[in-house]
Amino acid sequence: MGGLVGVEIPDPVSVEAVSTWSDEVDVVVIGAGMAGVSAALEARSAGANVLVLDAGGRLTCTSAMAGGHFYLGGGTEVQQATGWDDSPEAMADYLALMSPECDPAKIRAYADDSVEHFRWLESLGFEFNRSFYPHKAVVQPGTEGLSFTGNEKCLDVADVVKPVPRGHKVPVPGDTGGAGLVVGLALDELAERGVEVRWETAATALVLDGDRVAGVTWKDLDGAGAIKAGAVVIAAGGFVLNREMLETHAPDLLAVESNGMALGNTYDDGLGIRMGQSVGGVADHLGEVFLTGPFYPPGEALRGIVVNKLGERFVNEDSYHSRTSAFVFEQPDRVAYLILDEATMVQPSYRFQPLVDGWDTVEEMERALGIPEGALVDTLNSYNENAARGEDPDFRKAPEHLTPLDHGPWGAYDLTPGKCFYAGFSCGGLRVTVDGQLLREDGTAVPGAYAAGACASNIAVDGKGYASGIQLGEASYFGRRAGRTAAQQA
């Protein structure tokens, strides 16, 4: 059962308009993805009577599509076992550098509690492997438990914060399925604790008793009703599958329509965000997105340079893949190319980027790509001179990826959206406190209303500062906090 697609904000229902309640519980959780199951488990642990509604079926959530990175640090058992020294302070410093618009209290709480949260995740019934994957990858191909999954090793970042890996991968090989394992274990735990998850049941509106959220209306294939609750936790996902919301708020994500994939499920229609707005909540960062068309692995591809239609570099090529993509989308006409020479030529493993062609001279390549005469020649000459000295003063690519590109012929892969395959999701969501309480414009909380996961705005606020694992990490961590606080106040 889907919700309202579009930009319409559903009117809340007055408690006086409800003649009968189908259920009465302490806490209703809308959505059974990573944030929802975490909120429900924590609310149950706090003694609440909990009911979970999900518009889809078991493991149709977006979380279940993810590879299974959780961004954790501060000295987890995996970090210690693999010889990495980390602290909550260092983790907080990195996240603050990458997400300067995020509430520092959220970053500090997330970092301070990271080791405890790591142990909570493992308590669901799995263990992260105590092993380290050293190579540049989007997702490590095996089951190694730890890798660098952000911009930690970029020199401009490493100057400020010592590089430490914090991407903890669930022990499922490959690019998908890891997070699905965790959500599945959490659903099993909910069943053991007597918490019902009502599948194919869509929340349709919030119920208001004065200014307090006192329940939710629902519909399924057989009918409709209303649930009375002391608190409601909205964990209903983002809006990447709602075209009208994308057109209004995040048009960059429309690029995935021509050649790409929305990283979401059918019910990522933004209804959770709009339900929060219907009772006075506000949403932040709705224009910010995660977009990526990674050209690594293999890591050898980072030896190339990325240029725009003017033949100019604009990013250190060893950035995290969504950071590079974010800069591509800021270039003139979004045109960008990855340039390699004969000595460095490799094929990107995911094959998202078409090979434009190969040329015997840089001048020929310049003309074929429509780059102003002499511009690419100058860029390559300057880059090659510096790379020969092991330096990149312009963008500070790490020395391990620096090599002169002076062995013709040369080739170019097209990174331009529409020609290159991009995937993405929305980053914006409801404004909430560190405990998930829904906030109004004036900073006051909406009583009885909470939000977590992709429909709330916490640490993952854009693609430039993102690291793999932040979305699942914050969904589970802040979901727990929202569930706990909702149970206490219900």
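For clarity, every value in this text was computed on a predicted model and none was experimentally measured.

1. A short note on the sheet that holds strand S12 (residues 283-284)
If you walk across this open sheet you meet the 3 strands as S12-S19-S22, and the pairing is mixed. With one partner strand each, in any of the chains shown, S12 and strand S22 (456-457) form the two edges of the open sheet. Judged from the 2 bridges that link them, strand S19 (residues 429-431) and S22 form a sheet pairing that is parallel. The partner of Arg431 across the bridge, within S22, is Ser457. Strands S12 and S19 of the sheet are contacted by helix H10 (residues 271-278), whose axis makes an angle of about 30° with S19.

2. A short note on the sheet that holds strand S14 (residues 305-308)
In any sheet, the strands associate via hydrogen bonds between backbone groups, in a parallel or an antiparallel arrangement. Read from one edge to the other, the open sheet built from 4 strands follows the order S14-S15-S17-S16, with strand pairing classed as antiparallel. This sheet does not close on itself; its edge strands, each paired only once, are S14 and strand S16 (355-359). Each strand axis lies, on average, 25° off the axis of its neighbour in the sheet, ignoring direction. Helix-sheet contacts for helix H12 (residues 362-369) involve strand S15 (336-341), S16 and strand S17 (410-414), and the interaxial angle to S16 is about 145°.

3. Side note on the packing of helix H5 (residues 114-123) against helix H14 (residues 470-489)
Running from amino to carboxyl end, H5 crosses H14 at an angle of 95°, the nearest separation of the two axes being 11 Å. One finds that H5 runs roughly perpendicular with respect to H14. Residue-level inspection shows Glu116, His117, Trp120 and Leu121 of H5 in contact with H14, the latter providing Gly473, Ser476, Tyr477 and Arg480.

4. As for the pairing of strand S10 (residues 223-234)
As paired elements, strand S2 (residues 23-30) and S10 share 7 bridges and run parallel to each other. Residue pairing for S10: Asp23 is matched across the bridge by Ile227. Where strand S9 (residues 212-220) meets S10, 6 bridges bridge the pair, whose relative direction is antiparallel. Looking across to S10, one finds that Thr217 is bridged to Ala226. Between S9 and S10, which pair antiparallel and follow one another directly, the connecting turn spans 2 residues.

5. Focus: the packing of aromatic side chains
Scanning the model with the defined rule gives 18 aromatic pairs in all. Relative to Phe128, the ring of Phe126 lies with its centre 4.9 Å away and its plane at 75°, an arrangement referred to as edge-to-face. Plain terms: the ring middles of Phe295 and Tyr296 are 6.5 Å apart, the flat faces sit at 90° to each other, and that makes the pair edge-to-face. The exposure classification of Phe295 matches that of Tyr296, with both residues buried. Among the aromatic residues, those joined into a ring-pair cluster are Phe70, Phe118, Phe126 and Phe128. In this arrangement the basic side chain of Lys153 is found over the ring face of Phe148, its NZ or CZ atom lying 5.1 Å from the centre.

6. Brief notes about the pairing of strand S8 (residues 202-209)
Among the 8 residues of S8, 6 are classified as buried, and the element is accordingly described as predominantly covered. Sheet topology places strand S1 (residues 13-14) next to S8; 2 bridges connect them, and they run parallel. Among the inter-strand pairings, Val13 is bridged to a residue of S8, identified as Val207. When S8 meets S9, the two strands line up antiparallel, connected through 7 bridges. Looking at S9, one finds that Asp209 is bridged to Arg212. Between the end of S8 and the start of S9, which pair antiparallel, lie 2 residues, with Gly210 showing a positive phi angle near 70°.

7. Here we look at the environment of Met34
You can see Met34 is positioned in helix H1 (residues 34-45). A relative accessible area of 2% places Met34 in the buried class. Note: C-alpha distance between Met34 and Ala92 (58 residues apart in sequence) is 22 Å. Aside from chain neighbours lying at most four places away, what touches Met34 is Ser63, Phe70, Ala179, Val182, Val183, Leu472, Ala475 and Ser476.

8. Things to note about the UniProt feature "domain: FAD-dependent oxidoreductase 2 FAD-binding" (unreviewed entry) in the protein chain
Under the present numbering, the feature "domain: FAD-dependent oxidoreductase 2 FAD-binding" (unreviewed entry) in UniProt falls on residues 26-457. End-to-end, the C-alpha atoms of residues 26-457 are 25 Å apart, and along that stretch the chain is 27% helix and 23% strand.

9. Structural notes on the environment of Ala456
With respect to the element layout, Ala456 can be found in strand S22. Taking the relative accessible area as the measure of exposure, Ala456 reaches 2% and is therefore buried. The spacing of Ala456 and Thr433 is 23 residues in sequence and 9.9 Å in space, taken between C-alpha atoms. Apart from the residues lying within four places of it in its own chain, the contact partners of Ala456 are Gly429, Leu430, Val432 and Ala451.

10. Section: helix H13 (residues 375-388)
Look at H13: 20 Å from first C-alpha to last across 14 residues, which is about the 20 Å you get at 1.5 Å a residue. Of all the residues in H13, the buried ones are Leu376, Val377, Thr379, Leu380, Tyr383, Asn384, Asn386 and Ala387. Looking at the buried positions of H13, the neighbouring elements they touch are S14, H12 and S17. Immediately downstream of H13, the backbone of Gly390 shows phi near 75°, a positive value.

Cut-offs applied
- Residues numbered from 1 in each chain as written.
- Predicted model: local features only at pLDDT ≥ 70, side-chain atom pairs only at ≥ 80, totals over all residues.
- Heavy atoms only, no water.
- Pairing = 2+ DSSP bridges.
- Helix = DSSP H or I, 4+ residues; strand = E, 2+ residues; numbered from the N terminus.
- Contact = heavy atoms within 4.5 Å.
- Axes fitted to C-alpha atoms, helices over the stretch in contact; angles between N-to-C directions.
- Parallel < 35°, antiparallel > 145°, perpendicular 65-115°, else oblique.
- Phe/Tyr/Trp six-rings, centres within 6.5 Å; stacked < 30°, edge-to-face > 60°.
- Buried < 20%, exposed > 50% of the residue type's maximum accessible area, 1.4 Å probe, protein only.
- Lys NZ or Arg CZ within 6 Å of the ring centre and 35° of its normal.
- UniProt positions renumbered as here; feature names shortened; annotations may be inferred.
- Expected span 1.5 Å × (residues − 1).

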